[in-house]
Amino acid sequence: TLLLFIELNIIMAPEQSILTAAEVISIYGGKYPYKKKHVYAWAKLLMPHLSKVNVAEWVQLLQQIRSVLLCSWFLFLLVPKRHCYLGGICYTVGAIAYAYLGCIGLQYS
């Protein structure tokens, strides 16, 4: 819960937030990050066939992943304790989405 609130508050700060990965990709215009060789390989692995032609599709996909992340973590907070397995599934889905967005977003920082 605290991690989610920290991320939501960072949107207003000058630092890059993981939740803004879709907007960062649209600003770069479909280009991979120009850093070290291994970073470029991770970007190509996580976003294959990224180009100027399909950058809008990737931005839309990343926005959907962000929506899944936020919805699943809010569901995790709303699920009663007696349904702990459902809460665990919601949290896991959100954590996977967070890790994916984090891997992409941190490459462009």
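The rules behind each value
- Residues numbered from 1 in each chain as written.
- Predicted model: local features only at pLDDT ≥ 70, side-chain atom pairs only at ≥ 80, totals over all residues.
- Heavy atoms only, no water.
- Patch = residues over 30% accessible without salt bridge, like charges linked within 9 Å, V, L, I, M, F, W, Y side chains within 5 Å.
- Areas by Shrake-Rupley, 256 points an atom, 1.4 Å probe, with all protein chains shown as cover.
- Salt bridge = Lys/Arg side-chain N within 4 Å of Asp/Glu carboxyl O.
- Helix = DSSP H or I, 4+ residues; strand = E, 2+ residues; numbered from the N terminus.
- Buried < 20%, exposed > 50% of the residue type's maximum accessible area, 1.4 Å probe, protein only.
- Phe/Tyr/Trp six-rings, centres within 6.5 Å; stacked < 30°, edge-to-face > 60°.
- Axes fitted to C-alpha atoms, helices over the stretch in contact; angles between N-to-C directions.
- Left-handed = near helix turned anticlockwise from the far one by under 90°.
- Contact = heavy atoms within 4.5 Å.
- Nonpolar A, V, L, I, M, F, W, Y, C, P; charged D, E, K, R; others polar.
- Arc of directions from axis to C-beta.
- Core = buried A, V, L, I, M, F, W, Y, C linked by side-chain atoms within 4.5 Å.

### Points about a nonpolar patch on the surface
On the surface, a nonpolar cluster with roughly 460 Å² of combined accessible area is contributed by Val 68, Tyr 85, Leu 86, Ile 89 and Val 93. Mapped onto the secondary structure, Val 93 falls in helix H5 (residues 84-107). Taking relative accessible area as the criterion, Val 93 reaches 38% and is therefore assigned partly exposed.

### Remarks on the packing of aromatic side chains
Under the criterion given, the structure shown has three aromatic pairs. Ring centres 5.2 Å apart and planes at 55° place the aromatic pair Phe 76 and Tyr 91 in the tilted group. Of the two residues, Phe 76 is situated in helix H4 (residues 55-78) and Tyr 91 in helix H5; the sequence distance between them amounts to 15 residues. Overall, Tyr 91 belongs to the partly exposed group, its relative accessible area being 41%. A connected cluster of aromatic rings, assembled from ring pairs, spans Trp 73, Phe 76, Tyr 91 and Tyr 98.

### Quick word on the packing of H4 against H5
Direction vectors running N to C along H4 and H5 enclose 145°, while the axes themselves pass 8 Å from each other. Relative to H5, H4 is oriented so that their crossing is left-handed. Together, Trp 58, Leu 62, Ile 65, Arg 66, Val 68, Leu 69, Ser 72, Trp 73, Leu 75 and Phe 76 of H4 and Gly 87, Cys 90, Tyr 91, Val 93, Gly 94, Ala 95, Ala 97, Tyr 98, Tyr 100, Leu 101 and Ile 104 of H5 make up the contact between the two elements. Across the contact of H4 with H5, the residue classes break down as 17 nonpolar, three polar and one charged.

### Quick word on helix H2 (residues 21-28)
Side chains three or four residues apart in an α-helix point the same way, a direct result of the helix having 3.6 residues per turn. Along H2, the residues that are buried comprise Ala 21, Ala 22, Val 24 and Ile 25. Along the long axis of H2, the arc covered by the buried residues comes to 160°, so they all point the same way. Looking at the buried residues of H2, the elements they touch are H4 and H5. Two residues or fewer past H2, Gly 29 is found with a positive phi of approximately 70°.

### Concerning the nonpolar core
With 23 residues, the main nonpolar core has Ile 25 and Tyr 108 as its most contacted residues. Of all elements in the fold, only H2, helix H3 (37-46), H4 and H5 reach the threshold of two or more residues within this core. Ranked by the residues each element gives to this core, the list is headed by H4, at seven residues. For Ile 25, the residues in contact, after removing those within four places along its chain, are Gly 30, Met 47, Leu 50, Val 55, Val 59, Leu 62, Ile 104 and Tyr 108.

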